[in-house]
Amino acid sequence: MAPRPARTSQKTHIALTVNEERAEVAFAPNKTLLEVLREDLGLTGTKHGCELGECGTCTVVLDGTPVLSCLVLGLACDGRDVKTIEGMALGAELHPLQRAFADLGAAQCGYCTPGILLAAEVLLRSTSRPTRDEIKHALAGNLCRCTGYIKIYEAVELAAAWRSGEPGAEPAAESLHGRR
């Protein structure tokens, strides 16, 4: 019997910026960005959902645009900028969207929440006071199986009001530092 050829584990090496930090990573060339983030970089806030691009659970921000990380090959991210839910808060200070979601109970199981928060953040970056229809459109690719969408829309509206300094829209004192 002839000896088997040794398996070579070919890896792709890329450098990218993840949550404003430079990262270099080596991985199998067939891995998606979702798999690279979770398995190789240990950023498990991005969730596996349908892995078909239909649910939005794996949404991250790639070069300023929300994308479904299950549909992006990791090797296509060389030199690019990726933001995950881990990069949303500023240290211990929650992002206004995170505070609004907590204050209004806009998340139940929380599995879809990271993707929704990132998609909403991109919307608020481009539209300071979005209409309900603009919010619905921006979040249309993100499915939630636990809750109705009304609290989610209201949380985005509240975060937008906080960010624009709208009178009477100040966050509750306990939400300023996040809840424990």
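Read on for an overview of the structure. Please read these numbers as outputs of a predicted model, since none were measured by experiment.

The next thing to look at is the overall build of the protein. Of the regular secondary structure elements, the protein holds 5 helices and 5 strands. In the protein, the order of α-helices and β-strands from amino to carboxyl end is β-β-α-β-β-β-α-α-α-α. Relative to its 180 residues, the protein shows a buried fraction of 43%. Within the protein, contacts between residues separated by at least 24 positions form 55% of all contacts whose residues are at least 6 apart in sequence.

Turning our attention to the packing of helix H2 (residues 96-104) against helix H5 (residues 150-163). When two helices pack together, their arrangement is given by the angle between the helix axes and the distance between those axes. Following both chains from N to C, one finds H2 and H5 inclined at 130°, their axes separated by 8 Å at the closest point. Between H2 and H5, the crossing angle belongs to the class labelled oblique. Handedness of the crossing formed by H2 with H5: right-handed. Residues Pro 96, Leu 97, Arg 99, Ala 100, Phe 101, Asp 103 and Leu 104 of H2 form the contact with H5, whose own contacting residues are Lys 151, Ile 152, Glu 154, Ala 155, Val 156, Leu 158, Ala 159, Trp 162 and Arg 163. Residue classes in the contact of H2 with H5 are distributed as 11 nonpolar, no polar and 5 charged.

Turning our eyes to something else, we now look at the packing of helix H3 (residues 113-126) against H5. The interhelical angle for the contact between H3 and H5, taken along N-to-C directions, is 40°, at an axis separation of 11 Å. It follows that H3 is oblique to H5 by the angle criterion. Both H3 and H5 take part in a crossing whose hand is right-handed. Within the contact between the two elements, H3 uses Ile 116, Ala 120, Leu 123 and Leu 124 and H5 uses Ile 152, Val 156, Ala 159, Ala 160 and Arg 163.

Before going further, it helps to examine the pattern of salt bridges. Under the defined criterion, the tally for this structure stands at 6 salt bridges. For Asp 63, the salt bridge goes to Arg 80, with nearest N and O atoms at 2.6 Å. Taken together, the positions of Asp 63 in the loop between strand E3 (59-62) and strand E4 (65-68) and Arg 80 in the loop between E4 and strand E5 (81-83) put the pair 17 residues apart, joining distant regions of the chain. Look at Asp 63 and you get partly exposed, because its relative accessible area is 41%.

Strand direction decides the pairing type here: strand E1 (residues 12-18) and strand E2 (residues 21-27), joined by 7 bridges, are antiparallel. Across the sheet, residue Val 18 finds its bridge partner in E2, namely Glu 21. Following E1, the chain reverses through 2 residues before pairing antiparallel with E2; Asn 19 in that reversal takes a positive phi of roughly 55°.

A word on the side chain of Asn 142. Turning to its location among the elements, Asn 142 is positioned in the loop between helix H4 (132-138) and H5. At 3.0 Å, the side chain of Asn 142 forms a polar contact with the backbone oxygen of Gly 56. Ignoring anything within four residues of it in the chain, the contact list for Asn 142 reads Cys 55, Gly 56, Thr 59, Gly 115, Ile 116, Ala 119 and Tyr 149.

Let us now look at H3. An ideal rise of 1.5 Å per residue puts 20 Å on 14 residues; H3 measures up with 20 Å between its terminal C-alpha atoms. When you tally the buried positions in H3, you get 12 out of 14 residues, the bulk of the element. For H3, the set of buried residues is Thr 113, Pro 114, Gly 115, Ile 116, Leu 117, Leu 118, Ala 119, Ala 120, Glu 121, Val 122, Leu 123 and Leu 124. Its buried side turned inward, H3 meets E3, E4, E5, H2, H4 and H5.

Calculation rules
- Residues numbered from 1 in each chain as written.
- Predicted model: local features only at pLDDT ≥ 70, side-chain atom pairs only at ≥ 80, totals over all residues.
- Heavy atoms only, no water.
- Helix = DSSP H or I, 4+ residues; strand = E, 2+ residues; numbered from the N terminus.
- Buried < 20%, exposed > 50% of the residue type's maximum accessible area, 1.4 Å probe, protein only.
- Contact = heavy atoms within 4.5 Å.
- Axes fitted to C-alpha atoms, helices over the stretch in contact; angles between N-to-C directions.
- Parallel < 35°, antiparallel > 145°, perpendicular 65-115°, else oblique.
- Left-handed = near helix turned anticlockwise from the far one by under 90°.
- Nonpolar A, V, L, I, M, F, W, Y, C, P; charged D, E, K, R; others polar.
- Salt bridge = Lys/Arg side-chain N within 4 Å of Asp/Glu carboxyl O.
- Pairing = 2+ DSSP bridges.
- Polar contact = N/O pair within 3.5 Å; in protein donor to acceptor, adjacent residues only side chain to side chain.
- Expected span 1.5 Å × (residues − 1).

Distances and angles like these do not, on their own, reveal function.
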